[in-house]
Amino acid sequence: MKFIVSSSYLLKQLQVLGGVINNSNTLPILDNFLFELEDNDLKVSASDLETTMIAVLDVESEDTGSIAVPARLLLDTLKTFPEQPLTFVVGDNHTIEISSNHGKYALAYASGEEFPNAVELDDPSKVTIPAAVLATAVSNTIFATGNDDLRPVMSGVFFQFDTEGLTFVATDAHKLVKYGRTDVKATQTAEFIMPKKPLNLLKGILASSDDDITVEYNDSNAKFSFDNVQLLCRLIDGKYPNYEAVIPKENPNKLIIDRNQFLNSVRRVSIFSNKTTHQIRLKIAGAELNISAEDIDYSNKAEERLTCDYQGDDMQIGFNSRFLVEMLNNLNANDVSLEMSLPNRAGILTPVDGLDEGEKVTMLVMPVMLNN
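1. What to know about the overall build of the chain
Along the chain, the regular secondary structure elements total six helices and 27 strands. In terms of principal-axis extent, the alpha carbons of the chain reach across some 80 × 50 × 35 Å. Taking all 372 residues of the chain together, 51% fall into the buried category. For the chain, the proportion of contacts with a sequence separation of at least 24, taken over those separated by at least 6, is 65%. Taken together, the 31 basic and 53 acidic charged side chains of the chain have centroids lying 8 Å from each other.

Here is the structure:
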């Protein structure tokens, strides 16, 4: 078995696949890439049993065969080469030899048969989404997912597809993000929870892709296909909490403010907040927003005044500054609106401008109790 391939092309493809491989695997075979060669197509797979990613690369060859190659060793070697053709030759003594312009490198391989097979989806449903839409949906929601092992359903992003449009939701019980698209529709209704790891991998690749992505899914697995790549992953099992119930409907107090100004102000003031609660206080009266924080233990405090457009009663409300900063960072609007009802009810953050047609973003942040 022999093939020739460009070093930088191979490295670029393998680095994407390398994101699937865990630092410590239960099965040693999972530390490898599976190479399956059929004439000019080299199919490379990486897996951690939950997530499998497969890419088909163009190589020069007339052979067929399959082997498992140590991923870390191969990646470290490829990173050091300038652009050049590399020749891979599989020897009889369980080593694969790589020849470059200046040298030869031999590494031990394992049999390709030991590598776990990718899941086949039985009778999947299908929807096609433009890459840019899925990339935006993932980057808008993934930061709000939780890390609590006791509530695995909250550690992923909830996908809701129906004939009206697509909705993506993420929450960790302190903050919630709901991202909707009405310009892309599914043919039938479906709901599933996608784990964080495959979504992070997708986010990395989709950013540079202009293609449409085909999403196939059944009750237990999902498969994303585009360009020359397929990503298969096991879905999170469980029922997603009823997120609509926590979004307050009546919010008479509405504040509109320049996003950048608000973000920078919260960032600065939060440096002076208590290091465990990260609490900042928003005090709104008339057209003035007063942002303050205090760390009583160290006698640190800060206060800033901003002008804003506000309709509603004068109020004071406390938030965890880290959540506010994350949310404001993930909105790409010039102005944002913060809607509130009472100091103990969630605040709703939405972009005022900068949205595509058919796009809707709602971010919800739980308040913290103020100690007056």
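Resuming the write-up.
2. Quick word on unusual backbone geometry
In this model, His 94 sits at a positive phi of 60°, which is unusual for a non-glycine residue. If you trace the backbone, His 94 turns up in the loop between strand S6 (85–90) and strand S7 (95–99). Its identity is not glycine, yet His 278 carries a phi of approximately 55°, on the positive side. Its location among the elements puts His 278 in the loop between helix H5 (259–270) and strand S19 (279–285).

3. Details of the sheet that holds strand S21 (residues 300–307)
Pairing within the open sheet is antiparallel, and its five strands lie in the order S21-S20-S19-S23-S27. Among the strands making up the open sheet, the edge pair consists of S21 and strand S27 (367–368). Two strands pair when backbone bridges link them, and S19 and strand S23 (residues 315–320) are joined in this way by six bridges, in the antiparallel orientation. Opposite Gln 279, over in S23, you have Asn 320 as the bridge partner. The strands touched by helix H6 (residues 321–329) are S19 and S23; relative to S23, the strand with the most contacts, the crossing angle is about 85°.

4. Describing the pattern of salt bridges
Evaluated as defined, the whole model comprises twelve salt bridges. The partner of Asp 172 in a salt bridge is Lys 175, with the nearest N and O atoms 2.8 Å apart. Here Asp 172 and Lys 175 have matching classes, each one buried. One salt bridge connects Arg 268 with Glu 304, and the closest N-O pair in it is separated by 2.6 Å. Of the two residues, Arg 268 is situated in helix H5 and Glu 304 in strand S21; the sequence distance between them amounts to 36 residues.

Thresholds applied
Residues numbered from 1 in each chain as written. Predicted model: local features only at pLDDT ≥ 70, side-chain atom pairs only at ≥ 80, totals over all residues. Heavy atoms only, no water. Helix = DSSP H or I, 4+ residues; strand = E, 2+ residues; numbered from the N terminus. Buried < 20%, exposed > 50% of the residue type's maximum accessible area, 1.4 Å probe, protein only. Contact = heavy atoms within 4.5 Å. Lys, Arg positive; Asp, Glu negative; His and termini not counted. Charge placed at Lys NZ, Arg CZ, Asp CG, Glu CD. Pairing = 2+ DSSP bridges. Axes fitted to C-alpha atoms, helices over the stretch in contact; angles between N-to-C directions. Salt bridge = Lys/Arg side-chain N within 4 Å of Asp/Glu carboxyl O.

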